Amino acid sequence: MTSAEKEKSSTGLCRPPLSPAAGPGRAMKVLLLVGLGALFFAYYWDDNFDPASLQGARVLLTGASVGVGEELAYHYARLGSHLVLTAHTEALLQKVVGNCRKLGAPKVFYIAADMASPEMPERVVQFALDKLGGLDYLVMNHLGAAPAGTRGRSAQATRWLMQVNFLSYVQLTSLALPSLTDSKGSLVVVSSLLGRVPTSFSSPYSAAKFALDSFFGSLRRELDVQDVNVAITMCVLGLQDRASAAEGVRWRNGG
């Protein structure tokens, strides 16, 4: 047997001929998976939002003085919602309230509140119920970095961060849920990527955001089991180039 024949023979032994149907069959499976993926994407991408549904809606919005919360307030105002806005700084809230009125909000009220105080969530929800007569939307957007005088992973800083970024959300939700149940309303929770992906020098803040994600994920299932028609939307924001965000991790460099 020549060397060429030996090579041909060994090649044939190592690589048996493929079935004629193997190539087309695999291609069909790939096409089927791609098609199913496209259908799944198209189904969930379908936007059924009706702007008219927010006209006259009663909205309590926290963290409404700057950034995302301020823009949300203006969005609701343009669509004709009745608003109760809350944040820590009264002067900034007053400016946002004035702009919301110019944009067409029929009713706008505000209450300055520090969510680091455990009694504040109850005061805020009661204020909103008194002013609006009920709630259709509770939009929770407030957050806080560690206060002055605390550092990093200290128990004091962690306790403060948990109150502002997690426990106050739980308090607001439990207090507003009866009204939202009556109106078949919605809970909107603005969270952070740090509640999904931990990173360095943010352990207490990440802990609060992970707790937030777990709590509302579980609550969504509980409401579904109990046949309570209250929607929960989690909005996960990425990193923001803001002074407050930078301040929150200053301690890592001894700042």
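See the structure printed just above.
The rules behind the values
- Residues numbered from 1 in each chain as written.
- Predicted model: local features only at pLDDT ≥ 70, side-chain atom pairs only at ≥ 80, totals over all residues.
- Heavy atoms only, no water.
- Phe/Tyr/Trp six-rings, centres within 6.5 Å; stacked < 30°, edge-to-face > 60°.
- Helix = DSSP H or I, 4+ residues; strand = E, 2+ residues; numbered from the N terminus.
- Buried < 20%, exposed > 50% of the residue type's maximum accessible area, 1.4 Å probe, protein only.
- Pairing = 2+ DSSP bridges.
- Axes fitted to C-alpha atoms, helices over the stretch in contact; angles between N-to-C directions.
- Contact = heavy atoms within 4.5 Å.

(A) Just the packing of aromatic side chains, in detail. One pass over the full model with this rule turns up 3 aromatic pairs. Residues phenylalanine 166 and phenylalanine 215 carry aromatic rings whose centres are separated by 6.1 Å and whose planes lie at 80° to one another, so their mutual orientation is edge-to-face. Of this pair, phenylalanine 166 sits in helix 6 (residues 155–183) while phenylalanine 215 sits in helix 7 (residues 203–225), placing them 49 residues apart in sequence. Residue class for phenylalanine 166 comes out buried when judged on its relative accessible area of 13%. Relative accessible area serves as the criterion here: at 28%, phenylalanine 215 is assigned to the partly exposed category. Measuring from ring centre to ring centre gives 5.0 Å for phenylalanine 215 and phenylalanine 216, while their planes differ by 85°; the resulting arrangement is edge-to-face. Each member of the aromatic cluster is reached from another via a ring pair, and the members are Phe166, Phe215 and Phe216.

(B) The sheet that holds strand 4 (residues 137–140), seen in detail. Strand order in the open sheet formed by 6 strands is 3-2-1-4-5-6, and the pairing between neighbours is parallel. Of all strands in the sheet, those with a lone pairing partner are strand 3 (108–112) and strand 6 (231–237), marking the two edges. Neighbour-to-neighbour, the strand axes of this sheet turn through a mean angle of 15°, independent of strand direction. Here strand 5 (residues 186–192) runs beside strand 6; their pairing, made up of 7 bridges, is parallel. Directly across from leucine 187, in strand 6, lies its bridge partner isoleucine 232. Contacts from helix 4 (residues 90–102) reach strand 2 (82–87) and strand 3 within the one sheet, and its direction differs from that of strand 3 by about 170°.

(C) Geometry of the environment of valine 139. As for its position among the elements, valine 139 is in strand 4. On the accessibility criterion, valine 139 (1% relative accessible area) is buried. Along the backbone, valine 139 and valine 188 are 49 residues apart, and their C-alpha atoms lie at a distance of 4.6 Å. Every residue in contact with valine 139, bar those within four places of it in the chain, is listed here: Val59, Leu60, Leu61, Thr62, Leu72, Tyr76 and Val188.

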